[in-house]
Amino acid sequence: MTSDTYDVLVVGGGPSGATAAHDLARAGKHVALLDRAGRIKPCGGAIPPRAIRDFAIPDYLLKAKITCADIISPKGKRVPMPVENGYVGMVDRCEFDEWLRVRATEAGAERITGDATALERDPDGTAVIAFEPKEGPAQRIRARMVILANGARSDLARQAIPGQAHPKCVFAYHEIVKVPEDVAARGTYEATRCDVIYNGRTSPDFYAWIFPHGDSASIGTGSARKGFSLRGATAEVREQHGLAGFETIRREGAPIPMKPLKRWDNGRDVVLAGDTSGVVAPASGEGIYYAMLGGRLAAEAVQMALATGDATALKSARKRFMKDHGKVFWILGIMQTFWYRTDWTREHFVKMCEDKDVQRLTWESYMNKELVRKDPLAHVKIFFKDMAHLLGLARA
């Protein structure tokens, strides 16, 4: 396979890699998409309207349309946060990721199944990815440019950019369960509502969740604390919310990055995207939109580098992402640090979510992926409420 040199090799067929391969193929590039078959990432599957619009996601892929999120405190208090003027789509990552990969191949990308093992160089300096196919001997792929989108703990990324550690991660685990037909009568579950659970027993530093997917649901939790039992916490969530008897379809776990890496390229011919670059939002754990955007920006950066012969163009992927979303990630990181520490702070955080201005600004920012800059009085009001809860001057 080394006799054929691709313009771009994309390693990883999740939302980021598949989006990059699709965009590059549509632009007329000779693209290969190398993906390990059968890997499904644990994910709630939330797709905001901005992602549906920007990436032309068809309606039939949406297994549920969420119109409310219930925020649940350590004491069991529920705060409904209804979605105004729209909905949040929910996808099944098994079906959704495959659809993205098929779309990339239909655009002209060559799909190759195998497990990437090493980044090498041919004598002329061309990048080569060694991989092990599902069957047969190890093979190698040559490419002028490489996009690495093969997960948060990519050894290839560390080979490409020496001296940079893996991104800080939360370890997520979920169970996909079958939703019984009579579930509505039980009163424990709603097909258009997400439950977001803040409780130190089910996550000491993140949150647990119940996310509907039509005839199935994702129930899970995450934590960065070593030794914390994610399976045990998930079992407790199911027991507490009347879901213990639901049939379990599959179980999945994986690291979820919580902070963008400082470098996304090697200054030569490799750029990182998606989880490999660390673009999952702190506090919320939202990653699909940011992964797809990261893939698109990596594809555009690679196209510029190929067109100009200037490898510094690869830096534009991170620069553009952080310009538009760096402040949001910074704010969410601070929020997670302060509010997810103890059950006392979690109780106050859920109390703050009762505020209509908090709800409105949260949904507007989430749905459109932009900080809401209008209505300064609402921001001032929220700031003083925030300080009151932080200092213990407000009752939870």
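Placed above this text is the structure.
Here the structure is a predicted model, which is why all the values come from computation and not from measurement.

(A) Structural context of helix α3 (residues 93-107). Here α3 spans 21 Å end to end across 15 residues, near enough to the 21 Å set by a 1.5 Å rise per residue. Those residues of α3 that fall on the buried side of the exposure criterion are Arg 93, Phe 96, Asp 97, Trp 99, Leu 100, Arg 101, Arg 103 and Ala 104. Where α3 begins, the side chain of Asp 92 points an oxygen toward the backbone nitrogen of Cys 94, at a separation of 2.9 Å. Phi for Gly 108, located one or two positions after α3, is positive at around 125 degrees.

(B) Seen up close, the nonpolar core. Val 10, Phe 96, Ile 129, Ile 147, Leu 148 and Val 302 are the most contacted members of the largest nonpolar core, which totals 103 residues. Broken down by element, the residue count for this core peaks at 12 residues, all from helix α7 (residues 288-308). Not counting the four nearest positions on each side in its chain, Val 10 is found in contact with Gly 17, Ala 20, Ala 21, Leu 24, Val 31, Ala 32, Leu 33, Leu 34 and Ile 147. Counting residues in hydrophobic clusters, the runner-up holds 13 residues, among them Ala 208, Ile 219, Val 237 and Phe 246.

(C) Representation of the side chain of Ser 223 in the model. Its place among the elements puts Ser 223 in strand β14 (residues 216-223). Among the polar contacts made by the side chain of Ser 223, one reaches the main-chain amide nitrogen of Arg 225 at a distance of 3.0 Å. Dropping the residues within four chain positions of it, Ser 223 is found in contact with Val 170, Phe 171, Ser 203, Pro 204, Asp 205, Phe 228 and Leu 230.

(D) Layout of helix α10 (residues 356-368). With 13 residues, α10 extends 18 Å from end C-alpha to end C-alpha; this agrees with the ideal 18 Å at 1.5 Å per step. For α10, the full list of buried residues reads Asp 357, Val 358, Gln 359, Leu 361, Trp 363, Tyr 366 and Met 367. Its side-chain oxygen 2.8 Å from the backbone nitrogen of Asp 357, Asp 355 forms the N-cap of α10.

(E) Summary view of the sheet that holds strand β3 (residues 46-47). If you walk across this open sheet you meet the 3 strands as β3-β7-β4, and the pairing is antiparallel. Both outer strands of the open sheet, β3 and β4 (64-66), are each paired with one neighbouring strand and no more. With 2 bridges connecting them, β3 and strand β7 (residues 88-90) associate as antiparallel partners. Note that in β7 the partner of Ile 47 across the bridge is Gly 89.

About the cut-offs
- Residues numbered from 1 in each chain as written.
- Predicted model: local features only at pLDDT ≥ 70, side-chain atom pairs only at ≥ 80, totals over all residues.
- Heavy atoms only, no water.
- Helix = DSSP H or I, 4+ residues; strand = E, 2+ residues; numbered from the N terminus.
- Expected span 1.5 Å × (residues − 1).
- Buried < 20%, exposed > 50% of the residue type's maximum accessible area, 1.4 Å probe, protein only.
- Polar contact = N/O pair within 3.5 Å; in protein donor to acceptor, adjacent residues only side chain to side chain.
- Core = buried A, V, L, I, M, F, W, Y, C linked by side-chain atoms within 4.5 Å.
- Contact = heavy atoms within 4.5 Å.
- Pairing = 2+ DSSP bridges.

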